[in-house]
Every structure is written in structure tokens, then in C-alpha cells.
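If you want the building blocks of each chain, they are given just below.
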Amino acid sequence: MPPAEGSPSQFRPDIEGVRAIAVMAVLLYHMQVPGFGGGFTGVDVFNVISGFLITGLLVREMTSRGSIDLPRFYFRRVRRLLPAGLLVILVTLVVSYLILSPVRFPSVAGDGAASALYVANYRFALAGTDYLASNADPSPYQHFWSLAVEEQFYLIWPLLILVVSRLIGVRRVGVVLAGVTVGSFLYSLYLTDVSAPWAFFSLPTRAWELGLGGLVAVGVGDWLPRRLLPYVGALGLALVIGGTLLINESVPYPGTAALAPVLGTACLIIGAADATGRLAHGLGSRAPRFLGGISYSLYLWHWPLLILVPIALSDDSLALRLVLGAVAVGFAVISTRFIEAPFRFGRIARTPALRGVVVGLTVSVIMGTTAIAAGAVALDSLSGDAGPTVALATPRPRPTHRPAHTSTVTQAPSLMPSAAGTHVPAPSLTPIADPVTSGPVPKGLDPKLKDVAADLPEGYADGCHLGFDDTESGPCIYGPADATTTVVIFGDSHAEQWLPAIEDLAFVRGWRVVALTKSSCPPVDVPVWNGSKKREYRECDAWHKSALARIDAEQPAIVFVGADRQYDFIDGGTQTAVGDDPSAWGASLARMIERVSQSAPHVVLLGETPHLGVVPDECLASHKDAVEKCQQLKADVVDSDYAALEDSVAASTGAQLISMTDLICPGTTCPLIFGTTPVYRDTHHLGATFSQSLSSYFDQQLPQR
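Residues numbered from 1 in each chain as written. Predicted model: local features only at pLDDT ≥ 70, side-chain atom pairs only at ≥ 80, totals over all residues. Heavy atoms only, no water.

Undergrad: Could you give me a rundown of a nonpolar patch on the surface, with the residues and numbers involved?
TA: The grouping of Leu90, Val94, Tyr97, Leu98 and Val377 at the surface amounts to a nonpolar patch, some 470 Å² of accessible area in total. Ranked by residues supplied to the nonpolar patch, first place goes to helix α3 (residues 70-99) with four residues. Within the element layout of this structure, Tyr97 appears in helix α3. (Patch = residues over 30% accessible without salt bridge, like charges linked within 9 Å, V, L, I, M, F, W, Y side chains within 5 Å. Areas by Shrake-Rupley, 256 points an atom, 1.4 Å probe, with all protein chains shown as cover. Salt bridge = Lys/Arg side-chain N within 4 Å of Asp/Glu carboxyl O. Helix = DSSP H or I, 4+ residues; strand = E, 2+ residues; numbered from the N terminus.)

Here it is as C-alpha cells:
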């Protein structure tokens, strides 16, 4: 977001005005002001500006000096970016430690470390493609992704211009920049469809935005007649504002949608090149220049304020967000005056460039290390037990085996420990313990609070629960080696969560369990929308075909079908939420059950899990002495309408409905701990340990052997 320094003769006040438009778009979007759903496109505007300013600076230096002083260039970047950036990272780290739960803070501290080292964009790209992390609450460091992209650009771009200028001449730099820009744009189009998070966050897919700004700097647009400049500028302003108002989070991005703010910014820069024109005067007037001048600090400070203060006050109202936006402007003014300016223009600017770069990088590494250490301290605070010991039965340890990935789906591998080839019987099933409804978190919690989110079924570790991109399951066979009866688990993660219980029961009933599950892919015959990919979930449709073929080949005795209830699906070409058209969703689920019934004499529809209103491990970590503060009312977390839909689907298809809701939520509340076992691993998935403890209840409800 920062401007590049140049000679006074090259300064263009209108660029500050364009920067003001960008930062206000981002601010209004993050404040969730209605009508500004595309405000995130302000980042694209910043990218074009950065490419324009930096390329112009470098080309002018190359032309005048025949070389580029790289240490001096990088030192200017260090002085411009690091002081305010590292201060925000440090303050955010301290405040996060004070107000966030010990469960959430380590992840945030990791984000802080990535931000200090300017690799936050790739950390968030990985999180966006990870089903387990893609629905996490936003990080107070989330906005550092764009700064990481710019820093990576600043690292590479001067070297590219220097090498190209020496090889083919500075006058031909534009040809190479055009090639890089076009290549990056085409790759962005491709990756937006394949993996939207990587397209959104990575430098290779954003480089074309910076590259287009660079092309403007080397003369693209200079051929336009002067009389056309006002029209070009007006077109650019319309495109930038239109992107802010018309694009939203459901649009695949960057993709072709990013053309609006990117081309719009280029047109604005070209159109305002006439300093005597109205556009240049308007953009260069006092108010836009003021906002543009503080835009870097405003960008830095606004997001942590909007994330952390509402958490501290338990208030996320629009009124509070508007107040925080004004507070962020105040912070930005102070930060610009007392942090940015002294480092840019004070005595430190006379420090030898190479020494300044080394010091800056060292401080960044120290900050990153500090953030990692702070996260480790928070994790350590969760390692001990809390509260009195509860003398209640707890589920037995889950089997530690993993499914063997054999070449045939009919061969059941040996998965239980044995002596001289003799099968070792599994221990008897353990009943569920009593709920903990008040008082402190009990001692001996298993798993500990710090491990609750990682209490996953085996399918995640062994690759049998497929991610977003996979379309075909492996053998994925669980159960005793001598099993003769095959059962199948089919569905999304809400089906996979029952694998520990069904696997446990397999050692009692002699089942060979085949797990066919995929993230965010429910067992319905209509296309569903994938929020991470921001498009129709084609990989889910492809997986359905292979999974159904597998079920047909297995001819199982039972198929357990399960799905989450929070989806958007495509019905008649229209994206529709399940809650908006439950009958269409129910009909699709029923058709899939009927399809599965062709290969299985018995189908079990697994009732939906209650969805919590709190993040369970975070809440318990924050209220270790009063678990009742985290307890949920059954009426608030159980969707009675969806439960009725499940009843109707089961009745119409002849499937057996098994719901554990009354066990999970006895009486009028839904406790988060039974005995010493946490119930949930997140807001809508049961922990694997707790799931296993319910295996005897599956046994009771299924047809007798």
C-alpha cells in the first residue's frame, strides 16, 4: 500500500487520490458497510499503483545511471514498510495474547510470524485450500497478505528490469514486462478456476496487476491524443467504482472480474496524466491527498481494530465498526507522522544502505521468532489439567491402526495387533459418561483442550477423507482382518465423523468398513457450490460417480449416509441455500439414497449434528472455571425443520434414520464435555474420541445380528 519515493519532479498528486479511493474501498468493505461488497478490489488498485511507481522509478534510474543501486532501493523499501508494519505486528500480537483464548492465539501468532517475514500470503493460501482451516475465523493479520505480495514483487522486479535492460536495452524493457504481464494474467485465469485461494493470494497470479502498472510507466497510453484523456480517466473511475459496488465475495476472483479495477486504475493513471484536467485536480485535491498520504498506516491499523475490539467488547455491530473506522484514521495520522515520516526522511535515511537492509531484515526475523515463541507459551498453558478430577468412565483408546491401501477393494487387510497371526478381540464397548454441566473443566481431559481441534477420525491422516481437489477414494478399508460383512460410510465430513464409532462397532460385529467420504461433498444428486473454489463443485460430482461405482462393486450389507445441512446447491441454474428450498434438497437426498439402495439392502441416514453457537475449545479455554458459560441450549443449536426433513426423507425412501441428538443434547442443553471427553472438535463436528464412545448406541439401534 505504500507509495514509492521518486524525485519531486515526478510526484503526481493525483496518485494520492487514487490511493485514497483504494484504501476507502477496503475500509468500507471491512467495516461491512452495505453496498461495498467488492471493496476488496481496492487491493488491486494498490497493486497497479505500486507497479506504476516502482517501474517508473527503476527505469528512470536505469536510464540516467546505466544501473540500479539495489542496496539503496531495498533500503528505501525497508524504511518505508518495516517500521509501521512491525509496530502493528507487535501491538496486534500483544493485544491478541490478552484477549484471545489460548486455543486461538497460537494460530494467530503464527500468522504474525508469517507477516513479519512477508510470507503471509502463502500461509493464508494454504489455509484457504485446507478444509479444516478454510472456515476458521479471520486472523487479525489477514490483511498482511497483500503486503507480502508487494514485498515479493519488490524483491524480484528490480532484478528483472536490471537484467533485461542490460541484455536487450532499457528501451525494450516494456516488451518483456508485457510478456510477464500477459503470462501472469493467463495463469491467474487458470488458477482461479482450479484453486481460487492460491489465485487470490499468490504473487504469480497477482503479478499482472503490478505489471500493467509498470507498462503504463514505460509508455503504454502515451500514444493517446490529449483530448481523449478525460474520457479514458472517466472510464477508469467508472470501472474502479463499479468493481467496488458490483463485485462480491461469491465471484471467482481474481479471474476476469479483476480486469475491472486493474484496467480501471490504469485508465485513471493515464487519464489524470494531464495535470491541468479536472480529473487530476479532483484526485489531487486536499481530502483525497490527505487520505492517500495516510493510506499505508490506515491499511495497517484498521483491520486489527475491526477484528480484536469487537471480540474484546462482545459487540460486532455496524455502529461499532463505523466508530472503529474513524479510530483507525486517527491511528493512521499518528502512525504516519511519528513512525513513517521519521524513518523515511530523518537521520536514519543517511545510514549506509546495505547496513540498513541487514538491520531491517534482522528485526523482522526477531519479530517473527518472538511471535512463534509467544504462540508456544500459549500452547504450553493448555498442557496442564484444569479443575478437579472426575471419576467417570471414559472411552477406551481408539485403535492405532491405519487402513492398508491394497490394489483390490475386496481384500480386507489385517489391521488389529496379533500374536502369531491370531486375531486379538477388541475390548467391550464403553457407555457414554455423564455430562459436565457446571463448574470447572475436569482434570484429565482427553483430548486436552489444545488438542481438541486435532481430534480427527483416521481418514484425515491416512488420506481416505478426500480434500477439495480429489475425485477418487482409495481402498480405505477398516475393521478386523477376518471380517466377512461389508458396510460403507458415504458422504461428507459429517459422515466421516462417525467413522470412529462405526469402526469400533466393526470389531464387535465383524464388519469390513469401507469409508467413502469427501470434504464438503454431500450425498445428493444436484451440484453444490464450493465456497473455497467460488464455483460449482465439479470435483464432488466426479467423486460421486466413482463412489457409487465402488458401492455397486462392494454390494455392502449397510450403507451409512451422512451430510451437513449448510450448503448452497445449484437448482435450475440458480444458486440456492438449503434453508431457502429444503424440499428440493430433501428430494435430491432421497434420490441419492434410492440410488444407493440398489446395491445395499439397508441404508442408514445419519441424523445431522447440532451446530454450536460457540467455538467449543476456545470457549472452554476462556471459561475453565465455569463450563456452564459455554453450554448451548438445545432449542438454539438443533434445526427442528431439518430434523423433520430427515424424517420425511427416511420415511419416503425406507432408510433407517439414526440420530444421536438426544444423546448429545440430553434434556434442554447440549453440554460440551461428557466425563472427561470433549464432545465437539469445532462448531459442527464431533471429536473422534467422543464419536467412538457412541458406538454402543449404534449397536442398539441397528438390526440385531
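Undergrad: Residue-level account of the state of the cysteines, with values.
TA: Applying the stated criterion to the full structure yields four disulfides. Paired through a disulfide, Cys521 and Cys540 show a sulfur-sulfur distance of 2.0 Å. Taking the sign of the S-S torsion, about 85 degrees here, the bridge from Cys521 to Cys540 comes out right-handed. Highlighted residues: Cys521 in the loop between β6 (511-518) and β7 (529-530) and Cys540 in helix α21 (residues 538-554), separated in sequence by 19 residues. The class for Cys521 is buried, based on a relative accessible area of 0%. On the accessibility criterion, Cys540 (1% relative accessible area) is buried. With its bonded cysteines labelled in order along the sequence, the protein chain shows the pairing 1-2, 3-4, 5-6, 7-8. (Disulfide = S-S within 2.5 Å. Buried < 20%, exposed > 50% of the residue type's maximum accessible area, 1.4 Å probe, protein only.)

Undergrad: Go over the packing of helix α1 (residues 13-30) against helix α2 (residues 42-65) with me, naming the residues and quoting the values.
TA: Two elements in contact, α1 and α2, have axes whose closest approach is 8 Å; the angle formed by their N-to-C orientations is 155 degrees. Of the possible angle classes, the one that applies to α1 and α2 is roughly antiparallel. In the crossing of α1 with α2, the sense of the turn from one axis to the other is left-handed. Between α1 and α2, the contacting residues are Ile15, Val18, Arg19, Ala22, Val23, Ala25 and Val26 on the first element and Gly42, Val43, Val45, Phe46, Ile49, Phe52 and Leu53 on the second. Its residues assigned to classes, the contact of α1 with α2 comprises twelve nonpolar, one polar and one charged. (Axes fitted to C-alpha atoms, helices over the stretch in contact; angles between N-to-C directions. Parallel < 35°, antiparallel > 145°, perpendicular 65-115°, else oblique. Left-handed = near helix turned anticlockwise from the far one by under 90°. Contact = heavy atoms within 4.5 Å. Nonpolar A, V, L, I, M, F, W, Y, C, P; charged D, E, K, R; others polar.)

Undergrad: Give me the lowdown on unusual backbone geometry, citing residues and values where you can.
TA: The step from Tyr253 to Pro254 runs through a cis peptide bond, and the omega angle for that step is 10 degrees. Following Asp446, the chain continues to Pro447 via a peptide bond in cis, the omega torsion being 5 degrees. Among the structural elements, Pro447 can be located in the loop between β2 (422-423) and α18 (458-461). We note that Ser520 has phi near 60 degrees; this positive angle belongs to a residue other than glycine. A positive phi is found at Gln555, a non-glycine position, where the angle reads about 50 degrees. Position of Gln555 among the secondary structure elements: in the loop between α21 and β9 (558-562).

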